[in-house]
Amino acid sequence: METLTIGELSARSGVAPSALRFYEREGLIHASRTSGNQRRYDRAELRRVSFIKIAQQVGVSLDEVREALDSLPENRTPTKADWSRLSARWRYRLQERITVLERLRDELSGCIGCGCLSLQRCKLANPGDRLAAGGTGPQRILNPTIS
């Protein structure tokens, strides 16, 4: 099986070698070692690195990424069916994130429900800080059912 050096994996994935070493320490990717103790990555690790990179770009935590990658087989290269199962499990979680991002995009120019009441013309009518009942943070974005 063809392997990649850390430099080759970095160049192909767009992820810095330091990040690849971190991912390896965290158990997210795996490398074998040469007799000279140099890392060698199976080409299949490129897909794992790509998955990590895109997941991080959309705000998925490394713990969530680890949990997902742990569901893939360790004794063989994951198949399309393996990745499809992982994708199906993530579909709902990703749709929730998309919904929040769309809400943020649509509401950011107005009030996001932070409770600051400092805008010149605030659309937030929050007497008695009733949005606090929904929790901390920007409740109009995170919990739009509270009004």
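Further up the page is the structure itself.
Positions within a chain are numbered from 1, following the residues in the order the chain's sequence is written. Local features in this predicted model are restricted to residues of pLDDT 70 or higher, and side-chain atom pairs are both shown and tallied only at a pLDDT of 80 or more, whereas totals for entire chains, interfaces and linings draw on every residue. Values shown for side chains rest on all heavy atoms present in the structure; no hydrogens or waters enter the calculation.

Participant: Now, about helix α1 (residues 6-13): what can you tell me, with residues and values included?
Facilitator: Three exposure classes are used, based on accessible area relative to the maximum for each residue type with a 1.4 Å probe and protein chains only: buried under 20%, partly exposed in between, and exposed over 50%. The helix and strand labels rest on DSSP assignments: H or I over at least four residues marks a helix, E over at least two residues marks a strand, and numbering proceeds from the N terminus. Residues I6, L9, S10 and S13 constitute the buried set of α1. One face of α1 carries all of its buried residues, which in axial projection span an arc of 100 degrees. Across α1 from its buried face, at more than 90 degrees, point the exposed residues A11 and R12. By definition, residues are in contact when any of their heavy atoms lie within 4.5 Å. Looking at the buried residues of α1, the elements they touch are β1 (3-4), α2 (17-25), β3 (39-42) and α3 (45-57). Following α1 by one or two positions, G14 adopts a phi angle in the positive range, close to 80 degrees. Here, the arc refers to the directions that run from the helix axis to the C-beta atoms.

Participant: So, the packing of α1 against α2: which residues are in play, and what are the values?
Facilitator: Two numbers describe how α1 lies on α2: the axes approach to 9 Å, and their chain directions differ by 105 degrees. Compared by their axis directions, α1 and α2 come out roughly perpendicular. Packed against α1, whose contacting residues are I6, L9 and S10, the element α2 presents P17, L20 and R21 at the interface. In the scheme used here, Gly and all other residues not listed as nonpolar or charged are polar, with Ala, Val, Leu, Ile, Met, Phe, Trp, Tyr, Cys and Pro taken as nonpolar and Asp, Glu, Lys and Arg as charged. Grouping the amino acids of the contact of α1 with α2 by side-chain chemistry returns four nonpolar, one polar and one charged. In this analysis an axis means a line fitted to C-alpha atoms, helices contributing only their contacting stretch, and an angle means the value between N-to-C directions, from 0 to 180 degrees. By the definition adopted for this analysis, an angle is roughly parallel if under 35 degrees, roughly antiparallel if over 145, roughly perpendicular if from 65 to 115, and oblique otherwise.

Participant: With reference to specific residues and values, describe the pairing of β3.
Facilitator: Relative to β3, β1 runs antiparallel, the two sharing two bridges. Residue pairing across strands places T3 opposite D42, the latter belonging to β3. If DSSP finds at least two bridges between two strands, the strands pair. Here strand β2 (residues 32-33) folds back onto β3, and the loop between the two strands holds five residues, one of which, N37, carries a positive phi near 70 degrees.

Participant: If you had to explain the pattern of salt bridges to someone new, which residues and values would you point to?
Facilitator: Any Lys or Arg side-chain nitrogen found within 4 Å of a carboxyl oxygen on Asp or Glu counts as a salt bridge. Within this structure, the stated rule accounts for eight salt bridges. Residue E2 is joined to R43 by a salt bridge in which the shortest nitrogen-to-oxygen separation is 3.7 Å. Taken together, the residues E2 in the segment before β1 and R43 in the loop between β3 and α3 connect sequence positions 41 residues apart. On the accessibility criterion, R43 (38% relative accessible area) is partly exposed. With its nearest N and O atoms 3.5 Å apart, the salt bridge here joins R93 to E64. A residue pair is termed long-range when its members are at least 10 positions apart, and R93 in helix α5 (residues 80-107) and E64 in helix α4 (residues 62-70) qualify at 29 residues. With a relative accessible area of 19%, E64 lands in the buried category. Linked through salt bridges whose partners overlap, the residues forming this network are E24, R33 and R39.

Participant: Tell me about the nonpolar core, and please be specific about residues and values.
Facilitator: In this description, a nonpolar core means a group of buried Ala, Val, Leu, Ile, Met, Phe, Trp, Tyr and Cys residues linked to one another through side-chain atoms lying within 4.5 Å. L20, F51, I52, V65, L69 and W90 are the most contacted members of the largest nonpolar core, which totals 23 residues. Breaking this core down by element, the ones donating at least two residues are α1, α2, α3, α4 and α5. By residue number, the principal contributor to this core is α3, which donates five residues. If near-sequence neighbours (up to four positions away) are discounted, L20 is found in contact with I6, L9, S10, V15, I29, Y41 and V49.

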